Amino acid sequence: MHADPGLYLADPETVQEAVTELRQRGFTIEAQGVTLSISGPSELFERVCGVEILFEKTMEQEPGQAQSRTRLAYRSSRPVMQIKGLEGIIEGIVFTTQGVPFGL
């Protein structure tokens, strides 16, 4: 049995409304598919979403590697950011995390 992914997609009018609202607030639309990929300066996310954006440095030990590596990433003070007044068209905004390559 296959689930119809179309059941989980936003209708085109809602997507276009989200794109318009995000652009009006200063975000750049990087890609549009099942989700929207947006970018902007950290100050924009802080102001529009009411969060604090942190830049974290962590050390990671990769499987099979003797040395750990440094990973730098942005993090929000809230895991899912919201834009006040747009909750009905934008479910939430999250930062993507960089993938960790696996050695063979």
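You'll find the structure just up there.
Counting restarts for each chain: residues are numbered from 1 in the order of the written sequence. Per-residue local features are limited, in this predicted model, to residues with pLDDT of at least 70; the limit for side-chain atom pairs, both in listing and counting, is 80 or more; totals at the level of whole chains, interfaces and linings are taken over all residues. With hydrogens and water set aside, each side-chain value is computed from the structure's full complement of heavy atoms.

1. What about the pattern of salt bridges?
Going by this rule: Salt bridge, as used here, is a side-chain nitrogen of Lys or Arg placed within 4 Å of a carboxyl oxygen of Asp or Glu. Only protein chains enter the accessibility calculation, which uses a 1.4 Å probe; a residue is then buried when its area is under 20% of its type maximum, exposed when over 50%, and partly exposed in between. Runs of H or I in DSSP of at least four residues are treated as helices and runs of E of at least two as strands, each being numbered from the N terminus.
A complete count under the given rule lists two salt bridges for this structure. The residue E21 makes a salt bridge to R25 at a minimum N-O spacing of 2.5 Å. For R25, a relative accessible area of 27% gives the class partly exposed. Two residues, E56 and R75, come together in a salt bridge whose shortest N-O distance is 2.7 Å. Of this pair, E56 sits in strand 3 (residues 53–61) while R75 sits in strand 4 (residues 68–76); the two residues are 19 residues apart in sequence, bridging distant segments of the chain. Relative accessible area serves as the criterion here: at 30%, E56 is assigned to the partly exposed category.

2. Observations regarding helix 1 (residues 12–24)
It helps to recall that an α-helix has 3.6 residues per turn; residues three or four apart then point in one direction. What counts here: Multiplying 1.5 Å by the helix residue count minus one yields the expected span of that helix. This arc is taken over the directions from the axis of the helix to the C-beta atoms. Any pair of residues with heavy atoms lying within 4.5 Å of one another is described as a contacting pair. In protein, a polar contact means a hydrogen-donor-capable atom and an acceptor-capable atom, both N or O and within 3.5 Å, with residues adjacent in sequence counting only if both atoms are side-chain atoms; elsewhere, any N or O pair within 3.5 Å suffices.
End to end, helix 1 covers 18 Å across 13 residues, agreeing with the expected 18 Å (1.5 Å per residue, within 8%). Within the sequence span of helix 1, burial applies to V15, A18, V19 and L22. On an axial view of helix 1, the arc spanned by its buried residues comes to 100 degrees, and they lie on one face. Facing away from the buried side of helix 1 by over 90 degrees, the exposed positions are E13 and Q24. On its buried face, helix 1 sits against strand 1 (28–32) and strand 2 (36–39). Put simply, D11 is the residue that caps the front of helix 1, since its side-chain oxygen is 3.1 Å from the backbone nitrogen of E13. One or two steps after helix 1, the chain reaches G26, where phi turns positive at roughly 105 degrees.

3. Digging into the packing of aromatic side chains
In plain terms, the rule: A pair of Phe, Tyr and Trp rings is counted when the ring centres sit within 6.5 Å of each other, with Trp represented by its six-membered ring. The angle between the planes then sorts it: under 30 degrees is stacked, over 60 is edge-to-face, the rest tilted.
In the structure shown here, the tally under the stated rule is three aromatic pairs. On the basis of an interplanar angle of 70 degrees and a centroid distance of 4.9 Å, the ring pair of F27 and F45 is categorised as edge-to-face. Note that F27 is positioned in the loop between helix 1 and strand 1 and F45 in helix 2 (residues 42–49), a separation of 18 residues in sequence. We classify F45 as buried; its relative accessible area is 5%. Taking 4.8 Å as the distance between ring centres and 55 degrees as the angle between the ring planes, the aromatic pair formed by F55 and Y74 counts as tilted. With F55 in strand 3 and Y74 in strand 4, this pair connects stretches of sequence that are 19 residues apart.

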